[in-house]
Amino acid sequence: MNSSSELSQKGSGWREWLLTDAPASRRQARLSSWYRSWLAFRSNPMAMFGLSILFALLLIAMFAPYLAPYDPFIQDLAARLSAPGTGGYILGSDSLGRDILSRLIYGSRITLYIVSLVALMAPIAGLFVGTAAGYLGGWVDVVLMRITDIFLAFPKLILALAFVSALGAGIENAVLAIVLTAWPPYARIARAETLTIRNADYIHAIKLQGAGALRIITRHIWPLCISSLVIRVTLDMAGIILTAAGLGFLGLGAQPPSPEWGAMISAGRKFILDHWWVATMPGLAIFIVSLAFNLLGDGLRDVLDPKKSK
Amino acid sequence: MSRDNKTGIELAQVNVWFGEGEERVDAVIDATFSVPHGGSFGLVGESGSGKSTILRAITGLAPTWSGNISVLGSMLGKERDKGFYHDVQMVFQDPYASLHPRQTVDHVLSEALYLHGFKNPDKRIVQILDDVGLEQSFRFRWPHQLSGGQRQRVAIARALIIEPSILLLDEPTSALDVSVQAEILNLLTRLRKERGLTYLMVSHDLAVVSHMCSEMAVMNQGEIVEMLDVEQLRGLKAKHPYTKELLDASVQKRRGKP
Amino acid sequence: MNNLLEVQNLTVKFPTRNGMFEAVRKISFSLGRERLGIVGESGSGKSMTGRAILRLIRRPGILEADHIKLEGEDLLQFSEKAMRQVRGHKISMIMQDPKFSLNPVMRIGEQICEAYRLHAKASKKEAKKKTLDMLEKVLIRDPERVYRAYPHEMSGGMGQRIMIAMMLIPDPKILIADEPTSALDVTVQKEVLEIMDDLVRERGMGLIFISHDLNVVSAFCDRVLIMYAGRVVEICQADRLHEAKHPYTIGLLNSIPQLEHPVEHLQVLQRDDAWSREPSVNGVVKREQAS
Ligand SMILES: Nc1ncnc2c1ncn2[C@@H]1O[C@H](COP(=O)(O)OP(=O)(O)OP(=O)(O)O)[C@@H](O)[C@H]1O
Ligand SMILES: Nc1ncnc2c1ncn2[C@@H]1O[C@H](COP(=O)(O)OP(=O)(O)OP(=O)(O)O)[C@@H](O)[C@H]1O
Ligand SMILES: [Mg+2]
Ligand SMILES: [Mg+2]
């Protein structure tokens, strides 16, 4: 203890405060545990790489008007399908002469919008259903899990397609369709996790304090399920982006002229042989962002998964 | 609930079972005993003989039982209300399993206070940590930063902080080494004296039971086979063959190899 | 008789924010075909010693030793793959927390069968029969029911006996038992100890018995290492444990409640800083090659 405080230099006071073994307040205890997880996460270079890509994506989406060299909707039919690097189009232009780079930059907003909506709604729906089924058991469990099974039985994209065709095309409906197809696996994970903890003594103990089922589920079971869900969601993010892109590709997601990446690929596929960049550039963007989410998910698993870290 | 009644806990012809039909397990058969208010009663017996199950039936964790259980003079039904949990608290067998892995000591204790609507949580937490002999620096620690003995004290603090009058103790020291065991047993003795608590204590260690309790029931295969008081236990005056065997084995264990 | 296991200067340490924390410091001991007890208070490094022998110290923990020789071969030189062969086959360990080691959502019978079939390549039917035998051997009433039950349906002591049954399957050369009987009543405990005793006597197994129950260790083991703060402070013949000289051992012995001598207030151990500074006592016994 003494030697470490002698060694401490300027600016490391807050760090010591965060790393203390004997926190003095609720806030310090919480911040301290977050900081420790952050330290563990930071030591994983691949995960940090993924995180920085996503951070960059966020900045790009925020500052799109300042970053984009052109208006993404302005057409210049004279300069249609110009190759990357020519005519001032860094990543080339598409069949209507719109700058692909600018469209990708603006498209990142749509991608983030879809991703964050799905990432919020699907796991929360899954968490509700899964923990309720797992904790309450009995007929609640049977009913909820049968419903989950029905959803799981269909291939994701086809189910999403059916929903979108019923609801009508558009981003919001695409998001809704993806959420409806994405929650069942989360419900299963949450239920499996709940089954392993619902008979634990610490849950019995809180029951003996007189807590009701709702409080036990939300305050005591959720915190234990959330980490595995967060990991799963980040790993699934790539799939979600691809599903959104797939819907866009089929013309059921974002509608032209919206610069959604999947829709852009779809529009470019007609020119894939002669003008490869039109479809490839958005494909590359999807690939990079999916990869970033995957790396992030792997890193989070190392930090959050209690089976590995403990 | 009225507290002027002289009995703390009373069980009459209590049966507890799990499962139905073919799968049915009769864990407790026809258990009858009573613990006076302010008394201390021990349950000893074979592993798997239903000791923990009796405690679970009292607290409502084992839903399928028949017979009469009354606590502080009022008969228990299928459901337990908050008032019941205010009077009766339990300390579990395994300190490694009874604390939520993602909650600090402070969180565990303030949740208990919140659920029972206590005012002044800060003051009470400081006080209870003092009572169970934990330094204040432990208040914001996570379970994985505590040793087995410290965890068990937190579990005892959680049970005591809402000021129950009856404490059910399921092998409170079996996972602990003798030096910590001595500290915890002293703590429990002191608290009982100070607060006039009623204890129902399960243990497989006859020496621990004889130290803590004035009366005990011996269980074997779900049935209470004999009731002893502490003098009979110390004098090794058992009648039932199983109790005799139990006493013999304990004494042998102390005296070294047969 | 040869030494089955020889451990020289074993150290286990964990890097922490406040420097290295040494959970086990330079301890040496040997194990023949005998029952070696390890006792000591909570946190004294008993479990870490057991885990270190199997090289099961998780990162960031660091394991150091001059050697850990299993029948003359240094385990520290083994590859991870070779170690996997050693674990379970030559050395098995009963972990301290039975419920943590069992899968909470899998039937007990299936778990034992799986372990057995992994080891013996037996048919399903054989495995089931063997499993039921095992459960019966550790005095579980109604093994058929337990076979179909889930871990949370077991009492504390039944969980412990299930772990013991599982560890006896592979017929190991050395068994490390970490608090295997802490939840058992004396009568069942006696039987379980007898099973282990048979293994030592008849199959020539070596047993490391980690426990905090000084009475059991003294009655059951041959030799006892007493640990404090990661060091071995004293070694005795088990039946002479009550004549121990170290103030720590005496303190532990005095804090046990006694059936025949009731006291109002149990004695509590008063610790002395000097105990953790003393060097470890060497527990290696040189044994001649049997001729
Ligand atoms: N949820 C359950 N479902 C089915 N059987 C159960 C359940 N809980 C306990 N049992 C059975 O009831 C019997 C008594 O168990 P209990 O836990 O009361 O034993 P115990 O006396 O506390 O033993 P120990 O000293 O080993 O803890 C055991 O046979 C056990 O298998
Ligand atoms: N990952 C870790 N990081 C830091 N210290 C650790 C870690 N794991 C264990 N320790 C410490 O190592 C010491 C020895 O632990 P060990 O589990 O061997 O104790 P033990 O003698 O088995 O105690 P018990 O009787 O309670 O089981 C303890 O003080 C513990 O806090
Ligand atoms: Mg029990
Ligand atoms: Mg241990």
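A quick note: this is a predicted structure, and the numbers were derived from the prediction, not measured.

Thresholds applied
Residues numbered from 1 in each chain as written. Chains lettered and ligands numbered in written order. Predicted model: local features only at pLDDT ≥ 70, side-chain atom pairs only at ≥ 80, totals over all residues. Heavy atoms only, no water. Helix = DSSP H or I, 4+ residues; strand = E, 2+ residues; numbered from the N terminus. Buried < 20%, exposed > 50% of the residue type's maximum accessible area, 1.4 Å probe, protein only. Contact = heavy atoms within 4.5 Å. Areas by Shrake-Rupley, 256 points an atom, 1.4 Å probe, with all protein chains shown as cover. Lys, Arg positive; Asp, Glu negative; His and termini not counted. Charge placed at Lys NZ, Arg CZ, Asp CG, Glu CD. Donors = N, O, S within 2.8 Å, 3.2 Å for Na, K, Ca; no water. Expected span 1.5 Å × (residues − 1). Bend = angle between axes of the 7 residues up to and from the residue. Axes fitted to C-alpha atoms, helices over the stretch in contact; angles between N-to-C directions. Left-handed = near helix turned anticlockwise from the far one by under 90°. Nonpolar A, V, L, I, M, F, W, Y, C, P; charged D, E, K, R; others polar. Core = buried A, V, L, I, M, F, W, Y, C linked by side-chain atoms within 4.5 Å. pLDDT = per-residue confidence, 0-100. Phe/Tyr/Trp six-rings, centres within 6.5 Å; stacked < 30°, edge-to-face > 60°. Lys NZ or Arg CZ within 6 Å of the ring centre and 35° of its normal. Near = heavy atom within 4 Å. Polar contact = N/O pair within 3.5 Å; in protein donor to acceptor, adjacent residues only side chain to side chain. Pairing = 2+ DSSP bridges.

Trainee: I keep staring at the overall build of chain C and nothing clicks. Help me out?
Mentor: In terms of helices and strands, chain C carries eleven helices and eleven strands. If one aligns the C-alpha atoms of chain C with their principal axes, the spans along those axes are about 60 × 55 × 50 Å. Each of the 291 residues in chain C was classed as buried or not, and the buried ones make up 55%. Partitioning the contacts of chain C with sequence separation of at least 6, the portion at a separation of at least 24 is 66%. Per element, the accessible surface of chain C, about 13200 Å² overall, is 48% carbon and sulfur. The positive charge centre, built from 42 side chains, and the negative charge centre, built from 39, are 7 Å apart in chain C.

Trainee: For this particular structure, what's the right way to read the coordination of the magnesium ion (ligand 3)?
Mentor: Angles at a metal have ideal values that depend on geometry: 109.5 degrees with four tetrahedral donors, 90 or 180 degrees with six octahedral donors. Residue and element names in this part refer to chain B. Those donors, S52 (OG) and Q93 (OE1), are the protein atoms that reach the magnesium ion (ligand 3), and they lie 2.0 to 2.7 Å from it. With S52 in helix 1 (residues 51-59) and Q93 in the loop between strand 6 (88-91) and helix 3 (105-115), the pair connects residues that are 41 residues apart, well separated along the chain. You can call Q93 buried: its relative accessible area is 14%.

Trainee: Sorry if this is basic, but what is going on with helix 9 (residues 171-197) of chain A here?
Mentor: Every α-helix carries 3.6 residues per turn, so stepping three or four residues along brings you back to the same face. Taking 1.5 Å of rise per residue, 27 residues should cover 39 Å, and helix 9 of chain A covers 38 Å from first to last C-alpha, within 8% of that figure. Within helix 9 of chain A, the axis deviates most sharply at A:W183, by approximately 30 degrees, and proline A:P184 lies no more than four positions further along.

Trainee: I tried to follow the packing of helix 6 (residues 100-136) of chain A against helix 7 (residues 138-153) of chain A on my own but got confused; where do I start?
Mentor: Angle between the axes and distance between the axes are the two parameters that describe a pair of packed helices. All names here are of chain A. For the pair helix 6 and helix 7, interaxial distance at closest approach is 7 Å and the crossing angle is 145 degrees. For helix 6 against helix 7, the interelement crossing comes out left-handed. Judged by residue contacts, V129, A132, A133, G134 and L136 of helix 6 engage G138, V140, D141, L144, M145 and T148 from helix 7. A class-by-class count of the residues in the contact of helix 6 with helix 7 yields seven nonpolar, three polar and one charged.

Trainee: Please clarify how the nonpolar core should be interpreted in this entry.
Mentor: If you look at soluble globular proteins, the nonpolar side chains tend to sit buried side by side. By size, the foremost hydrophobic cluster in this structure holds 65 residues, and its most contacted members are A:L104, A:I114, A:V118 and A:W261. For this core, the secondary-structure elements that each account for two or more residues are helix 4 (45-62), helix 6, helix 8 (156-167), helix 9, helix 10 (201-207), helix 11 (213-249), helix 12 (261-268) and helix 13 (277-304) of chain A. In terms of residues, this core owes the most to one element, helix 11 of chain A, which gives 15 residues. If sequence neighbours within four positions are ignored, A:W261 has contacts with A:L57, A:R103, A:L104, A:G107, A:S108, A:T111, A:P282, A:A285, A:I286 and A:V289. Membership of the second largest hydrophobic core comes to 60 residues, among which are C:V138, C:C221, C:Y248 and C:L269.

Trainee: Please explain the confidence of the model for chain A as it appears in this structure.
Mentor: Low pLDDT means the predicted coordinates in that region are not meant to be read closely. All names here are of chain A. Here chain A shows a mean pLDDT of 83. Residues at 70 or above account for 94%. Under a pLDDT of 50 for its full length, residues 1-11 has, in the predicted model, four contacts with residues more than four places off or in other chains. Ignoring residues within four places in sequence, the model shows residues 306-310, a span with pLDDT below 50, making seven contacts including any to other chains.

Trainee: It is not clear to me how the packing of aromatic side chains should be interpreted in this structure. Could you clarify?
Mentor: For any two aromatic rings, the description comes down to two numbers: the centre-to-centre distance and the angle of the planes. On inspection of all chains with the given rule, the structure shows twelve aromatic pairs over all chains. Grouping aromatic residues by their ring pairs yields a cluster made of C:Y228, C:Y248 and C:W275. One cation-aromatic arrangement involves B:K78 over B:W65; the distance from NZ or CZ to the ring centre is 4.7 Å. In this arrangement the basic side chain of C:R35 is found over the ring face of C:F220, its NZ or CZ atom lying 5.5 Å from the centre.

Trainee: Looking at this model, I keep getting lost on the site of ligand 1. Mind explaining?
Mentor: Near ligand 1 you find 19 residues, and of these B:G48, B:S52, B:T53, C:R145 and C:G157 are the closest. Surrounding ligand 1 is a set of residues that belongs to chains B and C. One nitrogen or oxygen atom from the main chain of B:S49 is found 3.2 Å from an oxygen atom belonging to ligand 1. Between ligand 1 and C:G157, the relevant distance is 2.7 Å, taken from an oxygen atom to a main-chain nitrogen or oxygen of the residue. Against a free-state accessible area of 640 Å², the protein chains account for coverage of 89% of ligand 1. Residues belonging to the shell around ligand 1 are distributed by class as follows: four nonpolar, ten polar and five charged.

Trainee: Please explain the sheet that holds strand 8 (residues 174-178) of chain C as it appears in this structure.
Mentor: Hydrogen bonding along the main chain pairs the strands of a sheet, whether they run parallel or antiparallel. All names here are of chain C. Taken together, six strands build an open sheet; the order of strands is 7-8-9-3-10-11 and the sheet is mixed. Two strands bound the open sheet, and with one partner strand each, they are strand 7 (91-94) and strand 11 (231-237). Sheet twist, expressed as the average angle between the axes of neighbouring strands with direction ignored, equals 15 degrees.

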